[in-house]
Amino acid sequence: MHSRSLALGFASAAFVGAMLSAPGASAAGNGASDEAWPPGNCPQGKVCVWAHWAFPEPAPVETPSVAVAEEWSGDAPALTYYNHTPRNADLKYYYIWPDGSKSTSTLCVPSNSGNIFYVPVNVTAVTWHNGSC
């Protein structure tokens, strides 16, 4: 029974890890109408992160927890994000597991695109990504 619990735990961890690092649903297209998650109230020239799901759909209207035109570091809750700049950006973030352990990862967000995190995370840095995502 213990090995079955262990196997289920590893399978669950692998699934959540894959979900945390899943690429954006729409990596192509520059027009907001082409995006799974349009820019909402994220100003042109900024990378934005919102603490909640986009509501009302399809774009968030609440004040972003992060809205930056320069590289940034801090700690902000995140579920929705949008890169409304002409450059690719890296979002560094972490997830706290139910057992209290922490996983850290980085997601490349192509210019003029956005999406959602599938679980609540905290973004800790926005940096410019060299090259394509």
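Residues numbered from 1 in each chain as written. Predicted model: local features only at pLDDT ≥ 70, side-chain atom pairs only at ≥ 80, totals over all residues. Heavy atoms only, no water.

A.B. asks: Describe the overall build of the protein chain, and please don't skip the residues or the numbers.
C.D. replies: Scanning the protein chain from N- to C-terminus turns up one helix and six strands. Ordered by position from N to C terminus, the α and β elements of the protein chain give α-β-β-β-β-β-β. Burial statistics for the protein chain: of 133 residues in total, 38% are counted as buried. Residue pairs in contact within the protein chain that sit at least 24 positions apart in sequence constitute 65% of those at least 6 positions apart. When the accessible surface of the protein chain is split by element, carbon and sulfur atoms take 58% of a total near 7200 Å². (Helix = DSSP H or I, 4+ residues; strand = E, 2+ residues; numbered from the N terminus. Buried < 20%, exposed > 50% of the residue type's maximum accessible area, 1.4 Å probe, protein only. Contact = heavy atoms within 4.5 Å. Areas by Shrake-Rupley, 256 points an atom, 1.4 Å probe, with all protein chains shown as cover.)

A.B. asks: Tell me about the pairing of strand S6 (residues 113-128), and name the residues and values.
C.D. replies: Of all 16 residues making up S6, twelve are buried, and the element is well covered by its neighbours. In the sheet, strand S3 (residues 72-84) pairs with S6 via nine bridges, with the strands oriented antiparallel. The residue bridging Ala 76 from the neighbouring strand is Val 123, located in S6. One ladder, built from six bridges, connects strand S4 (residues 89-96) with S6; its direction is antiparallel. Looking at the pairing, Ala 89 lines up with Trp 128 of S6. (Pairing = 2+ DSSP bridges.)

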